[in-house]
Amino acid sequence: MNFDILIIGAGPAGLNAASVAAQAGAKVGIVDDNALPGGQIWRQGPQHRAKGRAHEAIEAMQRSTNVTYLSGTRVVQASGARQLLVEDASRGYTIGYGKLIVAAGARERFLPYPGWTLPGVTGAGGLQALVKGGMPVRGERIVIAGSGPLLWAAALTAREQGARVMAIVEQAAPHAVRQFAASLVYTPAKLAQAARMRFDLRATPYLCGAHVSAALGDGQLSHVMVKQGEKETRIDCDRLACAFGLVPNTTLGTALGCGIDENQGVLAIAVDDLQSTTQPDIYAAGECTGVGGMELSAVEGRIAAYAALGNVAQARALFAQRERYRRFAARMHTAFALDPQLRGLAAPDTVLCRCEDVRFADAALHRNWRDAKLHTRCGMGPCQGRICGEAAAFCLGWERNGARAPFSPARIGTLMQVQTQT
Ligand SMILES: Cc1cc2nc3c(=O)[nH]c(=O)nc-3n(C[C@H](O)[C@H](O)[C@H](O)COP(=O)(O)OP(=O)(O)OC[C@H]3O[C@@H](n4cnc5c(N)ncnc54)[C@H](O)[C@@H]3O)c2cc1C
């Protein structure tokens, strides 16, 4: 399989890139590991079909005869010059490309606290994905916690499916959240969306400057303790959905040798004005280059595609729009910056690495991430440190280091494809 332009990720960035590239007549491939297109925000499932802008973007891709959409397909390795190794449910194979657009999005950041590995505890976006995928939550009592606007989206999705959202627990200080809310006047569409969410969730307590200090239960979550200043309150619940913002997915960019930069306190694939990475013919767009929301991802996807097509004038015409949403992103990061006191949430016996069952205190004995990995196997399980590596970076101030290929568990037969071809 060979494409003029290959796009990794069918979220807002990837779909917008595909639409621009397809209109120009290029032979386009788009790879995504989910069963249905849409990425995170436009995730589809039995309880959730695409509407509005999401529907338009997905329909446009499906109508284009020069776009090949490879669903349920995961990139597991960069396998040679202009080639990626992918795997789907039945086989592994390589895909060649002339130009590559990485639009791999972001993932949630988890921080360890007592009880965070109990059944019943998920991420906020994780809960949303489960609900959209058909998991019933009707009648369940749910606490949504952590930080950022995603908490509201997750709360609304759960409520629409009949859950009782007991509280939204936000770590950012009340004045920071108020300031952010006031700044939404600069992005009227976001203001309208926020107002709608606030109205729909008007009966739900929104606790700012607060965090879950422990999730408790006998083999299954039954209640959480919420700390707000000096006050600690018990909230009974069936589920806790907790995540502390998002971090860009940089694994593929790193494996391809693209430069990685710090962007708003997290590592992201470095790009120039035209969304070009430091590697020739490789572009990156959307939240893998920095977290900023759907609108920013979409416009970056379009710029990357125009740049890949050599249409610099059309790309430049979108710079002002991108700048507007970058300013929104900067305000969001300032408002929801993590409170340093969250570094101390874990108890010594709290699990840090869920894959290898490593306790926080055992990892913290070491000088850095590499030493901790060598001595405790922390970060060496199936998730390759994507969860605990980020937590260790925040809690212990350790430098992050990238995951090795294969990026996710892959079949031996898939890995042998590379061997066979070299
Ligand atoms: C779990 C979660 C839920 C979210 N829900 C919301 C929400 O409800 N509302 C909101 O405003 N924002 C939400 N966000 C924020 C959201 O990420 C963005 O606003 C928007 O979706 C970003 O678009 P994107 O195209 O940059 O990336 P994404 O939408 O994340 O799309 C990237 C796609 O690439 C795929 N991918 C990544 N790596 C690979 C690989 N190696 N091989 C194949 N495919 C790969 C991913 O599975 C994903 O489908 C959510 C974020 C997360 C992490």
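Residues numbered from 1 in each chain as written. Predicted model: local features only at pLDDT ≥ 70, side-chain atom pairs only at ≥ 80, totals over all residues. Heavy atoms only, no water.

S.K.: Is there a simple way to think about the site of the ligand in this case?
M.R.: Among the 29 residues in the neighbourhood of the ligand, the closest are listed as Asp32, Asp33, Gln40, Gln128 and Glu287. A distance of 3.1 Å is found between an oxygen atom of the ligand and a side-chain nitrogen or oxygen belonging to Asn34. In the environment of the ligand, an oxygen atom lies 2.8 Å from a nitrogen or oxygen atom belonging to the side chain of Gln128. Within the complex, 90% of the 970 Å² of free accessible area of the ligand lies under protein. Contributing elements (two or more residues each) for the shell around the ligand: α1 (12–23), β4 (74–80), β7 (106–108), α3 (124–132), α4 (150–160) and α8 (294–308). Here the residues of the shell around the ligand sort into twelve nonpolar, twelve polar and five charged. The residues that make up the shell around the ligand include at least three from each of domain 1 (2–107 + 247–332) and domain 2 (110–244). (Near = heavy atom within 4 Å. Polar contact = N/O pair within 3.5 Å; in protein donor to acceptor, adjacent residues only side chain to side chain. Areas by Shrake-Rupley, 256 points an atom, 1.4 Å probe, with all protein chains shown as cover. Helix = DSSP H or I, 4+ residues; strand = E, 2+ residues; numbered from the N terminus. Nonpolar A, V, L, I, M, F, W, Y, C, P; charged D, E, K, R; others polar. Domains from an automatic or database assignment.)

S.K.: Mind showing me how you'd approach the domain arrangement of the protein here?
M.R.: Many authors give the size of an interface as the accessible area that is lost as the parts come together. In terms of domains, the protein is made up of domain 1 (2–107 + 247–332), domain 2 (110–244) and domain 3 (345–422). On the domain 2 side, the residues contacting the 14 residues of domain 1 number 14 residues. Of the roughly 1300 Å² buried where domain 1 meets domain 2, counting both sides, 61% is carbon and sulfur surface. Per-residue buried area on domain 1 facing domain 2 is highest for Gln47, Phe328 and Arg331; these three make up 41% of the total on that side. Linking domain 1 with domain 2 are one salt bridge, by the criterion used here. Close ionic contact of Glu295 with Lys190 constitutes a salt bridge, the shortest N to O distance being 2.7 Å. Breaking the side of domain 1 that touches domain 2 down by element, the ones donating at least two residues are α8 and α10 (319–335). (Contact = heavy atoms within 4.5 Å. Buried area = accessible area lost by both parts, 1.4 Å probe. Salt bridge = Lys/Arg side-chain N within 4 Å of Asp/Glu carboxyl O.)

S.K.: Would you mind showing me how to read the state of the cysteines here?
M.R.: Defined simply, a disulfide is a covalent bond joining two cysteines at their sulfur atoms. This model, assessed by the stated rule, comprises zero disulfides. Free of any disulfide, Cys355 has its nearest cysteine sulfur in Cys383, 4.0 Å distant. Accessibility expressed as a relative area gives 36% for Cys355, which makes it partly exposed. Not engaged in a disulfide, the cysteine Cys378 finds its nearest cysteine sulfur in Cys388; these two sulfurs lie 4.4 Å apart. (Disulfide = S-S within 2.5 Å. Buried < 20%, exposed > 50% of the residue type's maximum accessible area, 1.4 Å probe, protein only.)

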